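Breakdown of the fold
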Amino acid sequence: MILTREKPATAAYKLSDPNLISEIDRLTFQYGLDLIPAETVLTENLPLLKVTRNQIVLEHNDQTFFFHPSMALLRMINILRGEGDRFLQASGIVTGDHFLDATMGLASDALIASWAVGEKGKVIALESSPLIYILVQEGLSRIEKICPSSIRNKDKEEAWICLCQASSRIQTVCCDHALFLKELPHSSMDVIYFDPMFRTTIGKSSSIKPLKNLSYQGALRKETISQALGVARKRLVLKEKRNGGEFERLGFTMLEGSKYNPICFGTIELQKTGGGSSCCL
Ligand SMILES: C[S@@+](CC[C@H](N)C(=O)[O-])C[C@H]1O[C@@H](n2cnc3c(N)ncnc32)[C@H](O)[C@@H]1O
């Protein structure tokens with residue numbers, strides 16, 4: 001679902017097979033995209049969508065971006081082996097919870113959350129960048145077709161099945177989380193999660209790096225956290241740089257983790273009594 005106030009994204013396209021032209025009609029109709037054949041684009045530095053039977057790849061400013069659940073798969077394998085997952089520990093989500101991922105990105109965390117809350121729970125994932133939204137939504141909806149060829153052992157296969165099931169239960173919305181939070185009823189979600197873009201990308205091989213061009217990079221606003229405090233029942237969770245000052249600025253308590261890891265999770269715990277919460281900014 002697209003609720004963004006931005007005008008529809010414009011992109012050039014190339015098809016791997018001319019028979020896929022109906023995909024262009026579908027993408028235009030479904031997402032309100034303005035798609036132009038790449039061979040007719042002369043000067044503009046437009047993002048280029050390469051459409052194949054199983055996948056959509058976006059090229060822009062020397063970066064290639066496509067949906068790949070490899071990080072979620074690795075995490076899922078470890079979780080099923082009984083190893084801890086820092087995001088799951090920080091969010092504390094359990095079966096049946098309603099979880100709002102306010103910054104979907106590549107949806108790795110949303111996939112893990114969807115597995116954790118199970119069929120009785122609910123995951124809504126929000127993304128403000130229309131092109132990221134479309135690539136990830138398309139990837140989630142056809143995840144079974146992009147099954148990694150390297151799946152050869154039982155652990156991986158089991159984890160892959162969990163991800164496919166989790167994927168089908170995620171509701172995605174293309175919008176700014178501040179707008180969405182305004183519309184949600186009081187105490188309607190258990191946990192709300194923020195994983196905004198860092199000002200500087202950590203590590204050259206970061207899987208999030210190709211997202212940088214396309215993503216929304218504004219800082220999380222205090223008003224947004226105040227809104228989220230009214231909507232959440234259990235806690236807010238923030239993933240941020242250890243020494244970036246964001247936990248302090250936004251009122252989160254940083255959780256203990258490895259002191260060598262530059263990325264940390266922080267929470268604001270909520271004890272709702274009647275109409276309010278015990279925490280305010
Ligand atoms: C670091 S990525 C999130 C990665 C994600 N947790 C994952 O597991 O792949 C941050 C994403 O949040 C999006 N974003 C940033 N601010 C937003 C906002 N106000 N509303 C919705 N999405 C936002 C960015 O466009 C970007 O795609």
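This text goes with the structure placed above it.
Keep in mind the model is a prediction, meaning the values are calculated, not measured.

Some remarks on the pattern of salt bridges
If you walk through the whole model with that rule in mind, you get 14 salt bridges. Across the salt bridge formed by Arg75 and Asp109, the nearest N and O atoms sit 2.8 Å from each other. With Arg75 in helix α2 (residues 70–80) and Asp109 in helix α4 (residues 108–117), the pair connects residues that are 34 residues apart, well separated along the chain. Residue classification places Arg75 among the buried residues on the basis of a relative accessible area of 15%. Residue Asp109 is classed as buried on the basis of its relative accessible area, which comes to 9%.

Remarks on the sheet that holds strand β9 (residues 189–194)
In sheet architecture, strand pairing relies on hydrogen bonds along the backbone and comes in two forms, parallel and antiparallel. One open sheet accounts for 7 strands, arranged β8-β7-β6-β9-β10-β12-β11; its pairing is mixed. Whereas interior strands pair on both sides, the edge strands pair on one side only; in this sheet they are β8 (170–174) and β11 (253–254). Strand direction decides the pairing type here: β9 and strand β10 (residues 232–241), joined by 5 bridges, are parallel. When the sheet's bridge partners are listed, Val191 is paired in β10 with Arg235. Relative to the sheet, α4 contacts β6 (98–101), β7 (122–127), β8, β9 and β10, its axis offset from that of β7 by approximately 165 degrees.

Digging into the site of the ligand
Taken together, 22 residues sit near the ligand, with Asp109, Glu127, His177, Asp195 and Tyr216 positioned nearest. Contact between the ligand and Ser128: a nitrogen atom at 3.1 Å from a main-chain N or O atom of the residue. Within the side chain of Asp176, an N or O atom sits 3.4 Å from a nitrogen atom of the ligand. In the complex, 96% of the free accessible area of the ligand, which totals 610 Å², lies under the protein chains. At the level of secondary structure, the elements contributing two or more residues to the shell around the ligand comprise α4 and β7. Tallied by class, the residues present in the shell around the ligand amount to 12 nonpolar, 6 polar and 4 charged.

So, how was this worked out
Residues numbered from 1 in each chain as written. Predicted model: local features only at pLDDT ≥ 70, side-chain atom pairs only at ≥ 80, totals over all residues. Heavy atoms only, no water. Salt bridge = Lys/Arg side-chain N within 4 Å of Asp/Glu carboxyl O. Helix = DSSP H or I, 4+ residues; strand = E, 2+ residues; numbered from the N terminus. Buried < 20%, exposed > 50% of the residue type's maximum accessible area, 1.4 Å probe, protein only. Pairing = 2+ DSSP bridges. Contact = heavy atoms within 4.5 Å. Axes fitted to C-alpha atoms, helices over the stretch in contact; angles between N-to-C directions. Near = heavy atom within 4 Å. Polar contact = N/O pair within 3.5 Å; in protein donor to acceptor, adjacent residues only side chain to side chain. Areas by Shrake-Rupley, 256 points an atom, 1.4 Å probe, with all protein chains shown as cover. Nonpolar A, V, L, I, M, F, W, Y, C, P; charged D, E, K, R; others polar.

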